[in-house]
Amino acid sequence: MDIKNYTKEQQLIFEALEEVMDPEIPGLAITDLGIVTKITVLDAEAYIQLTPTFSGCPALRIIEEMVLKAVQDLQLFDKVVVKTTFDDPWNTDKISEKGRAALLKHGLTPPPKNADYLELDVLSDTPCPFCNSKNTTLKSPFGATLCRSMHYCNNCLQAFEGFKPLT
Amino acid sequence: MNIEQKQLDALKNLLYKMADDQLILGHRNSEWTGFGPVLEEDIAFSSMAQDKIGQAYQLYSILNELGESEPDTVAFTRNAQQFHCCEYVTMPIGEYDFSLVRHFFFDNAELLRIDSLINTTFDPLSLLARKFKGELKYHVLHANTWIKQLANGNAESKKRIQDTINASFGLALGIFEPSDDENSLIDTGFFIGEKALQSKWLAIITPFLNSCDLSLPNIDDTKPVYGGRKGNFSQYLQPMLTEMTEVYAIDPSAEW
């Protein structure tokens, strides 16, 4: 999404969405997660396009409602439409630097960039978010939510979660 | 896009086959929630259930745009004869070896099916296929990791995996039951066809199993379990559907 050429109205919508947080990861804005794929304004109507991280993500309906409310609250548009599509599918490289920092702050290791994740090695090398050691073990590619994997740090002896790569 | 009626019907049939496979196997996987042999496996099967039911929802949504009923109506109001999944996914979860081998056979097949659809000329499906591929790679990674681990475990774990492979191979071949109408999809570049998929699948799983010192039974001596794609199931699907739709059936008009 190219926000540099945004009109004033598109910019205002984007700023409102920067306040909408992922319900499962407090402190991570949906704009930094990279799931807002298009903002269009036509006359007095606003269209916001979202895309899910995983197709079965149960938080999506809640996020749609939160986006609708945030844009309606601007009181600039007669009509606000929020739509989820796969036109511009999400991958973990869409997470911004700010988003990666928010993941780490939440105790989740950010995903490696441009990863070929069918190789188990990528997940095995996941650094610990607490002590930064790479001496870790993958416990399972599935975790508490669809986007997380489970690991154990052999250095600081703590279980931790990673945000797993999706390309 | 201008699709002829015959192709449209064949396309819908393909989408139903895929969506029903995902919904039914997703539901079966969810039966492991709280019962996995170790906590990580409990979570893995539950997560894969969530992925699969989410993928089924997206496929039913495409069908809805092609004129079929709403996803919830399609999922919760049909009886067994109206489903298009393969017999294999309807089977009860059994013991962990049965569920694990099914997961291995099915998800390797599904990843290849999805991969082949990335270049389909039907755009909505192509977009979904790109998305599903990333998710299914984790399912295959998980299945292959555990098959390998148990093949290299002890004599009992290896024997149980090999025995289950032998007993399940005919069911797994049923995934690729051809449909009468699929030629119209093959001719127009929508889909490569079940026969071609089965060949690709064998070419992937045979060397993998051999590398784990496991083997497939002789395919010429194995009778594929067909029927599911045409709505002919054994005794397992209807009781599962009755349980799955129990709450919905109390008040189908309820707002959630």
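Small disclaimer: the values here were computed from a predicted structure and weren't measured.

Draft legend 1. Layout of the overall build of chain A. Secondary structure assignment for chain A yields five helices and seven strands. Reading chain A from its N terminus to its C terminus gives the helix and strand order α-α-β-β-α-β-α-β-α-β-β-β. Reported as C-alpha extents along the three principal axes, the dimensions of chain A are approximately 55 × 30 × 25 Å. Every one of the 167 residues in chain A was classed for burial, and the buried ones make up 37%. Considering only contacts in chain A between residues 6 or more positions apart, those separated by 24 or more positions represent 52%.

Draft legend 2. Structural context of the overall build of chain B. Scanning chain B from N- to C-terminus turns up eleven helices and zero strands. Buried positions account for 44% of the 256 residues belonging to chain B. Long-range pairs, those at least 24 residues apart, make up 74% of the contacts in chain B with a sequence separation of at least 6.

Draft legend 3. Expanded view of the interface of chain A and chain B. Taken together, the contact between chain A and chain B spans 19 residues of the former and 22 residues of the latter. A breakdown of the residues in the side of chain A that touches chain B according to their chemical character gives twelve nonpolar, five polar and two charged.

Draft legend 4. A look at the sheet that holds strand 2 (residues 45-50) of chain A. Residues and elements named next belong to chain A. Reading across the sheet, the three strands line up as 1-2-3 and stay open at both edges, with mixed pairing between neighbours. With partners counted over all chains shown, the strands left at the sheet margins are strand 1 (36-42) and strand 3 (79-84), one partner each. Neighbouring strand axes in the sheet, compared pairwise and without regard to direction, differ in orientation by 15° on average. The pairing of strand 1 with strand 2 spans six bridges and is antiparallel. Paired with Leu42 across the two strands is Glu45, which belongs to strand 2. In the packing of helix 1 (residues 8-17) onto the sheet, the strands contacted are strand 1 and strand 2, and the crossing angle to strand 1 comes to about 140°. The sheet strands contacting helix 3 (residues 60-72) are strand 2 and strand 3, and the helix crosses strand 3 at an angle near 155°.

Draft legend 5. Representation of the sheet that holds strand 6 (residues 148-153) of chain A. All names here are of chain A. Pairing is mixed across the open sheet formed by four strands, whose spatial order is 4-7-6-5. Of all strands in the sheet, those bounded by a partner on one side alone are strand 4 (108-109) and strand 5 (136-140). Pairing analysis gives two bridges linking strand 4 to strand 7 (residues 158-163), with the strands arranged parallel. For Leu108, the partnering residue across the bridge sits in strand 7 and is Glu161.

Draft legend 6. Looking closely at the pairing of strand 2 of chain A. All names here are of chain A. Once strand 1 ends, the chain turns through two residues before running back antiparallel as strand 2, passing Asp43 with a positive phi of about 50°. As paired strands, strand 2 and strand 3 are joined by six bridges and run parallel to one another. Considered in strand 3, the bridge of Ile48 is made with Val82. One crossover worth recording links strand 2 to the parallel strand 3 by way of helix 3, and it is right-handed.

Draft legend 7. Local environment of unusual backbone geometry. All names here are of chain A. Phi at Asp43 takes a positive value of approximately 50°, unusual for a residue other than glycine. Note on placement: Asp43 falls in the loop between strand 1 and strand 2. Phi at Leu157 takes a positive value of approximately 55°, unusual for a residue other than glycine. As for its placement among the helices and strands, Leu157 is situated in the loop between strand 6 and strand 7. Here Leu157 falls in the exposed class, since 9 other C-beta atoms lie within 10 Å of it.

Draft legend 8. Quick look at the nonpolar core. In this structure, B:Leu15, B:Ala19, B:Leu59, B:Tyr88 and B:Ile175 are the most contacted members of the largest nonpolar core, which totals 70 residues. Those residues within four positions of B:Tyr88 in sequence are excluded, and the remaining contacts are B:Arg102, B:Phe106, B:Leu171, B:Ala172, B:Gly174, B:Ile175 and B:Val225. Of all hydrophobic cores here, the second largest spans 27 residues; its members include A:Ile39, A:Ala59, A:Ala70 and A:Ile95.

Draft legend 9. Inspection of the packing of helix 6 (residues 123-151) of chain B against helix 7 (residues 155-173) of chain B at higher detail. Residues and elements named next belong to chain B. Helix 7 packs onto helix 6 with a crossing angle of 130° between their chain directions and a minimal axis gap of 7 Å. By the angle class used here, helix 6 and helix 7 are oblique. Two secondary-structure elements touch here, helix 6 through Ile147, Leu150 and Ala151 and helix 7 through Ser157, Lys158 and Ile161. Here the contact of helix 6 with helix 7 is composed, by residue class, of four nonpolar, one polar and one charged.

Draft legend 10. Just the packing of helix 1 (residues 5-30) of chain B against helix 2 (residues 39-65) of chain B, in detail. Residue and element names in this part refer to chain B. The geometry of helix 1 relative to helix 2 is characterised by a closest axis approach of 8 Å and an angle of 155° between their N-to-C directions. Viewed along their axes, helix 1 and helix 2 adopt a mutual orientation that is roughly antiparallel. In terms of crossing hand, the pair formed by helix 1 and helix 2 is left-handed. Residues Lys12, Leu15, Tyr16, Met18, Ala19, Gln22, Leu23, Leu25, Gly26, Asn29 and Ser30 of helix 1 form the contact with helix 2, whose own contacting residues are Phe45, Ser46, Met48, Ala49, Lys52, Ile53, Gln55, Ala56, Leu59, Tyr60, Ile62 and Leu63. Each residue belonging to the contact of helix 1 with helix 2 can be placed in one class, and the counts come to 15 nonpolar, six polar and two charged.

Draft legend 11. Inspection of the environment of B:Gln50 at higher detail. Along the chain, the position of B:Gln50 falls in helix 2. Apart from the residues within four sequence positions on either side, B:Gln50 is in contact with A:Gly56 and A:Leu146.

Draft legend 12. Inspection of the environment of A:Glu18 at higher detail. Residues and elements named next belong to chain A. The topology assignment puts Glu18 in the loop between helix 1 and helix 2 (30-33). In this structure the C-alpha to C-alpha distance between Glu18 and Asp32, which are 14 residues apart in sequence, comes to 7.7 Å. Not counting residues within four places of it along the chain, the set of residues in contact with Glu18 comprises Ala29 and Thr31.

Draft legend 13. Representation of the environment of B:Leu15 within the structure. All names here are of chain B. Within the fold, Leu15 resides in helix 1. According to the C-beta neighbour criterion, Leu15 is buried, with 21 such atoms within 10 Å. If we skip the residues at most four places from it in the chain, Leu15 touches Leu59, Ile62 and Leu63.

Calculation notes
- Residues numbered from 1 in each chain as written.
- Chains lettered and ligands numbered in written order.
- Predicted model: local features only at pLDDT ≥ 70, side-chain atom pairs only at ≥ 80, totals over all residues.
- Helix = DSSP H or I, 4+ residues; strand = E, 2+ residues; numbered from the N terminus.
- Buried ≥ 20, exposed ≤ 12 C-beta atoms within 10 Å, placed from the backbone.
- Contact = placed C-beta atoms within 7 Å.
- Nonpolar A, V, L, I, M, F, W, Y, C, P; charged D, E, K, R; others polar.
- Pairing = 2+ DSSP bridges.
- Axes fitted to C-alpha atoms, helices over the stretch in contact; angles between N-to-C directions.
- Right-handed = clockwise from strand over helix to strand, strands pointing away.
- Core = buried A, V, L, I, M, F, W, Y, C linked by C-beta atoms within 7 Å.
- Parallel < 35°, antiparallel > 145°, perpendicular 65-115°, else oblique.
- Left-handed = near helix turned anticlockwise from the far one by under 90°.

Honestly, that's just the spatial picture; any functional story needs more than this.
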